[in-house]
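For reference, the chains in residue letters:
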Amino acid sequence: MNNTKIIKPDLNDSNSTTIEFTESYYSSAPSEVESAIINEKTKLRRGLKARHIQMIALGGTIGTGLFMASGKAISNGGPGGALVAYAIVGLLVFCVMMSLGEMAAYIPVSGSFAHFARRFVDPSLGFMIGWIYWVNWSVGVAVELTGVAMMMEYWVKDVNSVIWSIICLALLVCINVFSVKGYGEIEYWISFIKVLTVIAFVIVGICVDTGAAGGHYIGTSNFHLEGGAIPFGFIGIFNVFITAAFSFNGVEIVGITAGESENPHKTVPAAVKQVFFRIVLFYILSILIIGLIIPYTDPDLLHGSSNVAVSPFTLVFKKAGAAWAADLMNAIILVTMISAGNSGVYSSSRTLLALAEDGSAPSFFKRINRWGIPIWSVLATCAVGCLAFLTSLWGSGVVFNWITAIPSVAGLIVWVSISVTHIRFRMGLKAQGRSLTSLPYVAPFFPFGDIFVVVVGCIVIGGQGYQNFLPPVDVKNCISAYLSVMFCFVLYFGHKLIRRPAFIKASEMDFETGTYKEPALKVSEGEKLSDDIMSVPIWKRALKKVFNIIA
């Protein structure tokens, strides 16, 4: 049966271009065409361009984890210990991104890794990952709202912090209930500001360390304090793992965006490869600059995660002698927190939509508004963000530290699950005699990268709460440290007992539904493509090249 369709974008225009393509092709054609044939089930719009996806993945991870919690990491592990911990977690993230990129480029669906786990491993695992990821980012939204309240307290101390959380929450709702292209554009420019901020911080930090900013030469003296660069040994490095995991939490959002990308088989691999190196570069350089300038014994580093006034970034700018720059830095941190919360609402709402489509969540979460947005999923996610309102009762810093423990461990669980799913994905390809050449992107270092993620991830997940078992033992702290792990067990085995699904056999895995296939694109001679696929103007190409150099 021939599944070819011929569509004219404008039936009233005799010069309109005729485009021929197969039904299974996720095209980069004009939005009028793709909205008619893509995502028939959900009506999601493929409105995210390559630049949107790259900056969403990059900017979504630059937030409170870097600007505020990085000081705590250096305080707990020393300057060298923090660098080692961030490097190991960065390598772990690299392996996760490569595995996810391979699957998401081949099967660009909404829900991504939860869908893959259900399809290639076990429906119960997909159920568990989907819900834990939704909780992960929904609570992450609350973390960012809490950070906003903390930030505003730096300037305005006589206003209840809950007011700032409400304002920020309303802003996130407004951004996320309209066109996904608008969301992508807003996130793109905010993320661009973040990138420039980190670059400026690194430059100013080098000037401070070398004495070029007017102070004395610091050099590497802070790496030679009592105890050396790694004063607490392996335990110090291990203590930083969770902080580092929280900082990197969100890189997997590339897999979520594949379901709304114009050209997923190209944009997802590009984002996976480029964004990873930029994130690691920014994080490693930032940690290095902080460790060089501020001694790990400085108590302000430990307090920086709950007090914006002593954020490591703020302290470095103050050491440069620019008091006004500290206020500017705080304003930029405020914007980045809103951006990170924005990414949280987007990713968790799409995950909830996918859960509803698979029957794992109430069906009304499948409701799509006229702008192609899963409206009820967005609102449900924002409702969980109301947890940030607790800041008005117990104080912003206390709640911030309490909440951040949840997303970090949940993120590690998701990363391990992605690697397990990728192993099964490759096993299915081999069992069915499918060649890797059919994949738009092939992850390197298989299976060693996935094994590394599973082993290191499980060690960190299992040992991250060891301090709570040292005398004096507090039972409540022991339970809270492993709350995410227990929640995962309840979700998985609860679903297994109630639904009793069987494990997916490699020979029975579905590699056809929603799979990318090479398009058959034909344009009549003498006709021109629409504006969306015409050559980009020279000034836009030049601007893009400049941006790529900067970012």
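Source: prediction; values computed, not measured.

Undergrad: Please provide a residue-by-residue account of helix H7 (residues 161-176), values included.
TA: Over its 16 residues, H7 runs 23 Å from end to end, which matches the ideal 22 Å to within 8%, given 1.5 Å per residue. Inspection of H7 places Ser-161, Val-162, Trp-164, Ser-165, Cys-168, Leu-169, Leu-172, Ile-175 and Asn-176 among the buried residues, and these make up the whole buried set. All buried residues of H7 lie within an arc of 155° about the axis, which places them on one face of the element. Structurally, the start of H7 carries an N-cap: the backbone nitrogen of Val-162 is 3.1 Å from a side-chain oxygen of Asn-160.

Undergrad: Mind laying out helix H9 (residues 233-248), listing which residues take part and the relevant values?
TA: With 16 residues, H9 extends 23 Å from end C-alpha to end C-alpha; this agrees with the ideal 22 Å at 1.5 Å per step. Of all the bends in H9, the greatest, near 30°, is centred on Phe-241. Most of H9 sits out of view: twelve of its 16 residues are buried. Where H9 is concerned, the buried positions are Gly-236, Ile-237, Phe-238, Val-240, Phe-241, Ile-242, Thr-243, Ala-244, Ala-245, Phe-246, Ser-247 and Phe-248. Remark: Gly-250 follows H9 within two positions and exhibits a positive phi of approximately 125°.

Undergrad: Tell me about the environment of Gly-321, and name the residues and values.
TA: Examined against the element boundaries, Gly-321 turns out to sit in the loop between helix H13 (312-319) and helix H14 (323-357). Looking at Gly-321, the relative accessible area reads 65%, which means it is exposed. Considering only alpha carbons, one finds Gly-321 and Gly-214, 107 residues apart in sequence, at a separation of 8.1 Å.

Undergrad: Summarise a nonpolar patch on the surface; cite the residues concerned and give the values.
TA: Taken together, the side chains of Val-475, Ile-479, Leu-483 and Met-486 define a hydrophobic patch exposed on the protein surface, amounting to about 360 Å² of accessible area. Listing elements by their share of the nonpolar patch, those giving two or more residues are helix H19 (475-481) and helix H20 (483-499). Along the polypeptide, Met-486 turns up in helix H20. The exposure class of Met-486 is partly exposed, given its relative accessible area of 37%.

Undergrad: I'd like a description of the nonpolar core, backed by residues and values.
TA: Ranked by size, the top nonpolar core spans 141 residues in total, and within it Met-128, Trp-415 and Phe-425 carry the most contacts. If we skip the residues at most four places from it in the chain, Met-128 touches Ile-413, Ser-417, Cys-488, Leu-491 and Tyr-492.

Undergrad: So what about the packing of H13 against H14? Which residues, and what values?
TA: Where H13 contacts H14, the two axes come as close as 8 Å, and the packing angle between them is 160°. On the basis of their axis angle, the class for H13 and H14 is roughly antiparallel. Relative to H14, the crossing made by H13 is right-handed. Touching Phe-313, Thr-314, Phe-317 and Lys-318 of H13 are Ala-325, Ala-326, Met-329 and Asn-330, all from H14.

Undergrad: Let's hear about the packing of aromatic side chains: which residues, and what values?
TA: Counted under the stated rule, the structure contains 23 aromatic pairs. Arranged with centres 5.8 Å apart and planes meeting at 10°, the rings of Phe-489 and Phe-493 form a pair that is stacked. Placement of both Phe-489 and Phe-493 in helix H20 is noted, with a separation of four residues, approximately one turn of the helix. Owing to a relative accessible area of 49%, Phe-489 belongs among the partly exposed residues under this scheme. Among the aromatic side chains, those forming a connected cluster through ring pairs are Tyr-106, Phe-116, Phe-120, Phe-425 and Phe-511. Residue placement shows Arg-426 over the ring face of Phe-446; its charged tip is 4.4 Å from the ring centre. Cation over ring: Lys-496 sits above Phe-503, and NZ or CZ is 4.3 Å from the ring centre.

Undergrad: So what about the pattern of salt bridges? Which residues, and what values?
TA: A full pass over the atoms with the stated rule returns five salt bridges. A salt bridge links Glu-102 to Arg-426; the nearest nitrogen and oxygen atoms lie 2.8 Å apart. With Glu-102 in helix H4 (residues 70-106) and Arg-426 in helix H17 (residues 396-431), the pair connects residues that are 324 residues apart, well separated along the chain. Since its relative accessible area comes to 0%, Glu-102 is described here as buried. With relative accessibility at 10%, the residue Arg-426 sits in the buried group. Of the charged contacts in the structure, one is a salt bridge between Arg-118 and Asp-358, with a shortest N-O distance of 2.6 Å. With Arg-118 in helix H5 (residues 113-120) and Asp-358 in the loop between H14 and helix H15 (375-384), this pair connects stretches of sequence that are 240 residues apart.

Undergrad: Hey, could you go over the packing of helix H6 (residues 123-155) against H14 for me, with residue numbers and the actual values?
TA: Two numbers describe how H6 lies on H14: the axes approach to 8 Å, and their chain directions differ by 160°. Put simply, H6 runs roughly antiparallel to H14. Pair H6 / H14 crosses with left-handed handedness. Broken down by class, the residue content of the contact of H6 with H14 amounts to 20 nonpolar, ten polar and two charged.

Undergrad: Lay out unusual backbone geometry in plain terms, naming residues and giving numbers.
TA: The peptide bond linking Phe-446 to Pro-447 adopts the cis configuration, its omega dihedral lying at 5°. Its place among the elements puts Pro-447 in the loop between H17 and helix H18 (448-463). Geometrically, the link from Pro-471 to Pro-472 is a cis peptide bond, its omega value of -5° lying close to zero. By secondary structure assignment, the location of Pro-472 is in the loop between H18 and H19. You will see that Phe-445, though not glycine, has its phi angle at about 65°, which is positive. If you trace the backbone, Phe-445 turns up in the loop between H17 and H18. Its identity as a non-glycine residue notwithstanding, Arg-500 has a phi of 50°, on the positive side. Following the sequence through the fold, Arg-500 ends up in the loop between H20 and helix H21 (538-550).

Parameters at a glance
Residues numbered from 1 in each chain as written. Predicted model: local features only at pLDDT ≥ 70, side-chain atom pairs only at ≥ 80, totals over all residues. Heavy atoms only, no water. Helix = DSSP H or I, 4+ residues; strand = E, 2+ residues; numbered from the N terminus. Expected span 1.5 Å × (residues − 1). Buried < 20%, exposed > 50% of the residue type's maximum accessible area, 1.4 Å probe, protein only. Arc of directions from axis to C-beta. Polar contact = N/O pair within 3.5 Å; in protein donor to acceptor, adjacent residues only side chain to side chain. Bend = angle between axes of the 7 residues up to and from the residue. Patch = residues over 30% accessible without salt bridge, like charges linked within 9 Å, V, L, I, M, F, W, Y side chains within 5 Å. Areas by Shrake-Rupley, 256 points an atom, 1.4 Å probe, with all protein chains shown as cover. Salt bridge = Lys/Arg side-chain N within 4 Å of Asp/Glu carboxyl O. Core = buried A, V, L, I, M, F, W, Y, C linked by side-chain atoms within 4.5 Å. Contact = heavy atoms within 4.5 Å. Axes fitted to C-alpha atoms, helices over the stretch in contact; angles between N-to-C directions. Parallel < 35°, antiparallel > 145°, perpendicular 65-115°, else oblique. Left-handed = near helix turned anticlockwise from the far one by under 90°. Phe/Tyr/Trp six-rings, centres within 6.5 Å; stacked < 30°, edge-to-face > 60°. Lys NZ or Arg CZ within 6 Å of the ring centre and 35° of its normal. Nonpolar A, V, L, I, M, F, W, Y, C, P; charged D, E, K, R; others polar.

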